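As a plain string of letters, each chain reads:
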Amino acid sequence: MTTINELIDISPSDELLDEFAKREIRRAILSAVAIPGYQVPFGSREMPVARGWGSGGLQVTLAVVHATDCVKVIDQGDDDGVNAVNLRRLITSSTGASETSVAAEATIVQSRHRIPEDGLDDKSILVLQVPVPEPLRGVERDMRELARMHAEADYSRMWVSLYEDKVRNGLITQTTGYPCHVNGRYVVATTPIPRWDIPRLHDSSFLTLFGAGREKRIYAIPPRTEVKPLTFDDVPFEVERADGARCSLCNSDDAFLVSLPNSPVWMCSDTDWCRRRRELTR
Amino acid sequence: MTNMVEYGRYPVARLAVPEWMLRVEKLGKVYGAHDDEVIASTGPESGTSKSSLNGSIVAAWDVSFEVAAGEALGLVGESGSGKTTVLRCLAGDLSPSVGNARLRTSRGEVAMFDLDSAERRLLRIDTLAVVYQDPAEGLKMNVSAGGNIAEPLTAAGWRSFGKIRARASDLLTRTEVPINRMDDLVRGFSGGMKQRVQIAKALANSPSVVLFDEPTTGLDASVAAGVLDLIRSLLEEHRIAAIVVSHDFSVIEMLTSRCLVMQHGRVVESALTDQLLEDPHHPYTQRLVAAARA
């Protein structure tokens, strides 16, 4: 039978990034790790996926992956999403890396919307695909002013936007991409993971690399780094929660749950976690 | 208390200010290259602030004054006379070409023009506030009145939502903005109310110096009178050192005790405001006063 890899005719010798590109991206990654939360510009290359479809995360992964690595790619929490399958196929077929859906087996996890519920450790690199790396984009459009605000750590207008959100809606409504202070210095967009995943970025054992292909920026949260969501002292930071909701498949109520539109049925967002839960209880 | 010094041909009253809060020395702002000859080619005697030698514009030159806590100093003159240039140099919106400005703060005396932009910005948060003629310059129009006041508060490190709300509501009450408009976007406010919100924002961190740039120019007469009343009572209440820039003598008369008259970038007369209105010496001041009294 003809495999898809034969059809698209990619072999490990056909690398998507040449050595110079890899070096350039690795340099940007090193700068990003050295200055946690700082957005480092990089020369985003053309990838065989459209910009905005994970091209930034893909370049970061391709710059750090090795044939001995084991790669997990998810879209939302799902290993079998079309985009996740395509990106995983691109990565493994062009580098010779192996693939897995189990986070604990993976050395590199590429994701857009989620951090896997478990399994990441100090051997793991989490690569997040970022659509909008600039946390202040919503309050300021002028690039020079944005640069000044970051340089002077002038984040008062970010606080004002949280204040306005609370005043208008009675609670902080921003769910994905919640702004966080990294290492007490830069504010980053944790885009677009849900608030549920934010606490796991704090003092994590793993390295998180953020790649924004369209915006040509890379930033990082190194292991054991303080990550604090911007929160008023008297308005506690809360993660998403639906009272009494349980996964209809594995009965979990301690994972990030999603519901089908207009349906009371909840399911785990992390499909592999859900699968392993079901195997355990069987 | 008053000793007279010669200022050109005209006597200038200089009050011995016991405790200055802000002291400006020989402030100058020139657009283009300048030397002594270029400077000498401009000013009231030449009738222009643009040099005939090289086209440089001497927007302000040799401006010196002191302001004490609880005192308001006026800067008066027609448009183009350099008064707003002086104010913007002090506000940090423009960088002056020459001169010094010293400010007494809770952290000690600082030479404002020696600070870098980040330090200047810190000064603007809690020590020196500006009320602009155009509320759009001092406020974010697509943010609520309370949110606009929250900005300097959060910049100063306030992190309690409840305390920020309470402070904003207190300030809006004091500036007579209806409290039920606190959560409405400033864009929808009338001109007078926008200006009141801007004043509330300026007072957020209890600054020791407030600069007013034509604070009532865009407002109709009755609204302007209300805003002037408000400014005057706030200045008295908080012992703020204020600089009021205006082309309108009625504003200067109502708010200030002393004032400088500027023409073509130079100070041509400085006196107690009452004295200046009663007995203007410089011909330009006489014309201004006559126009205001007409």
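Rules behind the numbers
Residues numbered from 1 in each chain as written. Chains lettered and ligands numbered in written order. Predicted model: local features only at pLDDT ≥ 70, side-chain atom pairs only at ≥ 80, totals over all residues. Heavy atoms only, no water. Domains from an automatic or database assignment. Contact = heavy atoms within 4.5 Å. Buried area = accessible area lost by both parts, 1.4 Å probe. Salt bridge = Lys/Arg side-chain N within 4 Å of Asp/Glu carboxyl O. Polar contact = N/O pair within 3.5 Å; in protein donor to acceptor, adjacent residues only side chain to side chain. Nonpolar A, V, L, I, M, F, W, Y, C, P; charged D, E, K, R; others polar. 1 Å grid on protein atoms, 1.4 Å probe; cavity = no way out; pocket = protein on both sides within 12 Å on 5 of 7 lines; lining within 4 Å. Points joined across faces, edges and corners; volume = space filled by probe spheres on them. Helix = DSSP H or I, 4+ residues; strand = E, 2+ residues; numbered from the N terminus. Buried < 20%, exposed > 50% of the residue type's maximum accessible area, 1.4 Å probe, protein only.

Quick notes on the domain arrangement of chain A
Residues and elements named next belong to chain A.
Right, on to step 1. Here the domain parsing of chain A yields domain 1 (19-229) and domain 2 (245-282).
Right, on to step 2. Taking only C-alpha atoms into account, the centre of domain 1 sits 25 Å from that of domain 2.
Right, on to step 3. Facing 13 residues of domain 1, the contacting portion of domain 2 comprises 10 residues.
Right, on to step 4. In total, domain 1 and domain 2 occlude about 970 Å² of area from one another, counting both sides; carbon and sulfur atoms represent 50% of this.
Right, on to step 5. Counting the surface domain 1 buries against domain 2, the share from its top three residues, Glu117, Asp118 and Trp196, is 44%.
Right, on to step 6. At the boundary of domain 1 with domain 2, the tally comes to one salt bridge.
Right, on to step 7. In this structure, Asp118 engages Arg276 in a salt bridge whose closest nitrogen and oxygen atoms are separated by 3.0 Å.
Right, on to step 8. Linking domain 1 to domain 2 there are seven residue pairs in polar contact (both at pLDDT 80 or more).
Right, on to step 9. Looking at the side of domain 1 that touches domain 2 residue by residue, the class counts come to five nonpolar, two polar and six charged.

Side note on the layout of surface pockets
Right, on to step 1. By volume, the largest pocket is sized at about 970 Å³.
Right, on to step 2. Listing elements by their share of the lining of the largest pocket, those giving two or more residues are α5 (143-151) and α6 (156-169) of chain A together with α3 (117-126), β8 (128-131), α4 (135-138), α5 (145-155) and α7 (191-202) of chain B.
Right, on to step 3. With five residues, α3(B) is the single largest residue contributor to the lining of the largest pocket.
Right, on to step 4. Of the voids in this model, the second largest pocket is the one considered here, and its volume is about 310 Å³.
Right, on to step 5. Gln39(A), Glu134(A), Met143(A), His150(A) and Arg217(A) are the residues nearest the centre of the second largest pocket, which is lined by 13 residues in total.
Right, on to step 6. In terms of residue count, the dominant contributor to the lining of the second largest pocket is α5(A) (four residues).
Right, on to step 7. Classifying every residue of the lining of the second largest pocket by side-chain character gives seven nonpolar, two polar and four charged.

Comments concerning the side chain of Gln195(B)
All names here are of chain B.
Right, on to step 1. Structurally, Gln195 can be placed in helix α7.
Right, on to step 2. With a relative accessible area of 1%, Gln195 lands in the buried category.
Right, on to step 3. A distance of 3.2 Å separates a polar atom in the side chain of Gln195 from the backbone oxygen of Tyr132.
Right, on to step 4. If sequence neighbours within four positions are ignored, Gln195 has contacts with Val131, Tyr132, Gln133, Pro135, Pro215 and Leu219.

Observations concerning the pattern of salt bridges
If the charged atoms of two oppositely charged side chains come close together, the side chains can form a pair.
Right, on to step 1. One pass over the structure, following the stated rule, counts 45 salt bridges over all chains.
Right, on to step 2. For the salt bridge of Lys22(A) with Glu19(A), the shortest nitrogen-to-oxygen distance reads 3.3 Å. With Lys22(A) and Glu19(A) both in helix α2 (residues 19-34), this residue pair falls three residues apart, about one helical turn.
Right, on to step 3. Across the pair Arg51(A) and Glu46(A) runs a salt bridge, and its minimum N-O distance is 3.4 Å.
Right, on to step 4. The class of Glu46(A) is exposed, set by a relative accessible area of 65%.
Right, on to step 5. One salt-bridge network, in which partners are shared between bridges, spans Glu19(B), Arg23(B), Glu25(B), Glu66(B), Arg102(B), Arg104(B) and Glu109(B).

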